[in-house]
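# Topology and contacts: notes
Single-letter residue listing:
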Amino acid sequence: AQSVAQPEDQVNVAEGNPLTVKCTYSVSGNPYLFWYVQYPNRGLQFLLKYITGDNLVKGSYGFEAEFNKSQTSFHLKKPSALVSDSALYFCAVRDRAGANNLFFGTGTRLTVIP
Amino acid sequence: DGGITQSPKYLFRKEGQNVTLSCEQNLNHDAMYWYRQDPGQGLRLIYYSQIVNDFQKGDIAEGYSVSREKKESFPLTVTSAQKNPTAFYLCASIAQPDGNTEAFFGQGTRLTVV
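Scoring rules and cut-offs
Residues numbered from 1 in each chain as written. Chains lettered and ligands numbered in written order. Predicted model: local features only at pLDDT ≥ 70, side-chain atom pairs only at ≥ 80, totals over all residues. Heavy atoms only, no water. Disulfide = S-S within 2.5 Å. Helix = DSSP H or I, 4+ residues; strand = E, 2+ residues; numbered from the N terminus. Buried < 20%, exposed > 50% of the residue type's maximum accessible area, 1.4 Å probe, protein only. Pairing = 2+ DSSP bridges. Axes fitted to C-alpha atoms, helices over the stretch in contact; angles between N-to-C directions. Lys, Arg positive; Asp, Glu negative; His and termini not counted. Salt bridge = Lys/Arg side-chain N within 4 Å of Asp/Glu carboxyl O. Polar contact = N/O pair within 3.5 Å; in protein donor to acceptor, adjacent residues only side chain to side chain.

## So, the state of the cysteines
In the structure shown here, the tally under the stated rule is two disulfides over all chains. A sulfur-sulfur separation of 2.0 Å characterises the disulfide bridge that pairs A:C23 with A:C91. Because the torsion about its S-S bond is -65°, the bridge between A:C23 and A:C91 counts as left-handed. Pair noted here: A:C23 is in the loop between β3 (19-21) and β4 (24-26) and A:C91 is in strand β10 (residues 87-95), with a separation of 68 residues, a long-range link. Across the pair, exposure class does not vary: A:C23 and A:C91 are buried alike. Linked covalently through their sulfurs, B:C23 and B:C91 form a disulfide whose S-S length is 1.9 Å. Judged by the sign of its S-S torsion, about -75°, the cystine formed by B:C23 and B:C91 is left-handed. Separated by 68 residues along the polypeptide, B:C23 in strand β3 (residues 19-25) and B:C91 in strand β9 (residues 87-94) bring together distant segments of the chain. Using a relative accessible area of 0% as the deciding quantity, one classes B:C23 as buried. Taking the relative accessible area as the measure of exposure, B:C91 reaches 0% and is therefore buried.

## Regarding the sheet that holds β3(B)
Residues and elements named next belong to chain B. The four strands are arranged β1-β3-β8-β7 in an open sheet whose pairing can be described as antiparallel. Two strands in the sheet have a free side with no partner beyond their single neighbour: β1 (4-7) and β7 (64-66). When the angles between neighbouring strand axes are averaged without regard to direction, this sheet yields 20°. Sheet topology note: the β7/strand β8 (residues 76-78) ladder contains three bridges and is antiparallel. By the bridge assignment for β8, S65 is matched with T77.

## Details of the side chain of B:R13
All names here are of chain B. With respect to the helices and strands, R13 occurs in strand β2 (residues 10-13). E15 provides the closest opposite charge to the buried, salt-bridge-free R13, at an N-O distance of 6.8 Å. Side-chain polar atoms of R13 contact the backbone oxygen of Q17, separated by 3.2 Å.

## Re the pairing of β9(B)
Residue and element names in this part refer to chain B. The buried fraction of β9 is high, at eight of eight residues. Neither face of β9 is exposed, since A87, Y89, C91 and S93 on one face and F88, L90, A92 and I94 on the opposite face are all buried. Sheet topology note: the strand β4 (residues 31-38)/β9 ladder contains seven bridges and is antiparallel. In the sheet register, A31 faces β9, and the bridge partner there is I94. The sheet contact formed by β9 and strand β11 (residues 109-113) spans three bridges and is antiparallel. Residue Y89 lies in a different strand from β11, and its bridge partner there is T109. Where β9 and strand β10 (residues 104-105) come together, two bridges link them in antiparallel fashion. Bridge assignment links A92 to a residue of β10, and that residue is F105.

Structural data, given as structure tokens:
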């Protein structure tokens, strides 16, 4: 069975500080991993993905994420937070072994404090 | 512009009525998905379709129905059997259901029972 856990419902960070949004996953095989961002009353926008290769992937708006196979984690990071980064962030996983669905975490609300 | 269009943006339903949410994509994607979003619960899969004239139930299909008569279109009907339909509904598409590409999302439809 596939699942995604985002252990923090809310993350607060001061503007200019580094931010981390946590994600752990469970799949039977090797995963494809994704991060999405959602602004109020909008659809989800793709930020970045891990498919294979380098464990550190870089995405849109200065975000990056680190794939850690031993810890089954895919934490989202940014070196310096902006107020405009305040939004709802979703981690998602798809099993390479043939499952056809994206499974989403419950989301983490990031608030960047000016 | 290529993308996914959901309509309407806001929809009000009287108890006992069926309503249909529209989802159209011009990305030539094979797979399309409907998710329901409730506060604190993330995205839950209602139905998905990998090819025309075929679709599968997701985790919360009861009270919903879909059709996939054209590659571009995947409408969702919320029937009177759905007891708690008030939610934000998101449609998504993926180029190939078993590939490593990311999902594209529409802007969502907010359905309210009045």
